[in-house]
Each structure stands twice: as structure tokens, then as C-alpha cells.
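# Overview (structure and organization)
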Amino acid sequence: MQYVRLGRSGLKVSRVILGCASYGSKSQQSWLLEEEKAVEHIKLAYDLGINTFDTADAYSNGVSPFSSASCPLR
């Protein structure tokens, strides 16, 4: 994985960012991936070196797999 500095912050972030808009509850949208599958995706991305995730609070009405106790990054 390639990494870049985030502005002048000194943070080193992956060039690839995992967008998390497709994770949530199928009760909200039929195309969303439920928590169990979302956690699998997030863990795989992290294991492959992705350390930057787009988790806008507008996604799934603010419910995120990152807030779950089963999230591997907690």
C-alpha cells in the first residue's frame, strides 16, 4: 500500500480510502451491506494496509459499523 502525508498534519494515510456509504441496515436501503459483512470488508481493507475510511455521519442515518462492538478496529 502506498501512503501519503495528509497536508501539514504529519499524518500518514493510505492512498486508497474505503468509502463506507454502502454499509448499514437493509431496513433503510435494500442495497446496503449489513454489519457482519461490513466488518469483514473493513477488516480485510485494514489488513491490506488501508488506514483511511470515509465515514460521513450522513451514511445510514449516522449508524456505522465502526461504532459496533464487533468492529476489529475498536
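Figured I'd write up the structure that's included with this text. (Residues numbered from 1 in each chain as written. Predicted model: local features only at pLDDT ≥ 70, side-chain atom pairs only at ≥ 80, totals over all residues. Heavy atoms only, no water.)

## Details of the overall build of the chain
We apply this condition: Secondary structure follows DSSP: runs of H or I at least 4 residues long count as helices, runs of E at least 2 residues long count as strands, and numbering of each begins at the N terminus. Categorising residues by exposure relies on relative accessible area from a 1.4 Å probe, with only protein chains included: less than 20% of the type maximum marks a residue as buried, more than 50% marks it as exposed, and the intermediate range marks it as partly exposed. For the accessible areas, the method is Shrake-Rupley and the probe is 1.4 Å, while residue cover comes only from the protein chains on display.
For the chain, the helix and strand inventory stands at 1 helix and 4 strands. Counting helices and strands in the order they occur from the N terminus, the chain gives β-β-β-α-β. Of all 74 residues assigned to the chain, the portion counted as buried reaches 27%. When the accessible area of the chain is evaluated, it comes to approximately 5200 Å², of which 53% is carbon and sulfur surface.

## What to know about the nonpolar core
Formally: The definition of a nonpolar core used throughout is a set of buried Ala, Val, Leu, Ile, Met, Phe, Trp, Tyr and Cys residues joined through side-chain atoms within 4.5 Å. Note on definitions: a residue-residue contact is assigned when non-hydrogen atoms from the two residues lie within 4.5 Å.
Formed by Leu18, Cys20, Tyr23, Ala38, Ile42, Ala45, Ile50 and Phe53, the largest nonpolar core amounts to 8 residues. With 3 residues, the top contributor of residues to this core is helix H1 (residues 35–47). In this structure Ile50 touches Met1, Ser14, Val16, Leu18 and Ala45, once residues within four positions along its chain are discounted.

## Quick notes on the side chain of Ser14
We apply this condition: N or O atoms closer than or at 3.5 Å make up a polar contact, with two conditions inside protein: a donor-capable atom paired with an acceptor-capable one, and, for residues adjacent in sequence, both atoms drawn from side chains.
Along the polypeptide, Ser14 turns up in strand S2 (residues 12–14). You can call Ser14 buried: its relative accessible area is 2%. Polar side-chain contacts of Ser14 include one of 2.6 Å to the backbone oxygen of Val16. With sequence-adjacent residues up to four places away left out, Ser14 is seen in contact with Met1, Gln2, Tyr3, Gly49, Ile50, Asn51 and Thr52.

## Details of a nonpolar patch on the surface
So the rule is basically this: Within the patch definition used here, like charges are joined within 9 Å and nonpolar side chains (Val, Leu, Ile, Met, Phe, Trp, Tyr) within 5 Å, considering only residues with over 30% relative accessible area and no salt bridge. Whenever a carboxyl oxygen of Asp or Glu lies within 4 Å of a side-chain nitrogen of Lys or Arg, that contact is scored as a salt bridge.
A contiguous nonpolar patch, built from Met1, Tyr3 and Val16 and spanning about 260 Å² of accessible area, is present on the exposed surface. Within the fold, Val16 resides in the loop between S2 and strand S3 (18–19).

## Notes on H1
Put simply, the test is: Helix span, as expected, comes to 1.5 Å for every residue beyond the first. By arc we mean the arc of the directions from the helix axis to the C-beta atoms, nothing more.
Helix length check: H1, at 13 residues, gives a terminal C-alpha distance of 18 Å against a target of 18 Å (1.5 Å per residue), a fit within 8%. Among the residues of H1, those classed as buried are Ala38, Val39, Ile42 and Ala45. Angularly, the buried residues of H1 cover 130° about the axis, an arc narrow enough to put them on a single face. In H1, the exposed positions angled more than 90 degrees off the buried face are occupied by Glu36 and Leu44. Summarising the contacts, the buried residues of H1 are in contact with S3 and strand S4 (53–54). Note on H1: the residue one or two positions beyond its end, Gly49, has a positive phi of about 105°.

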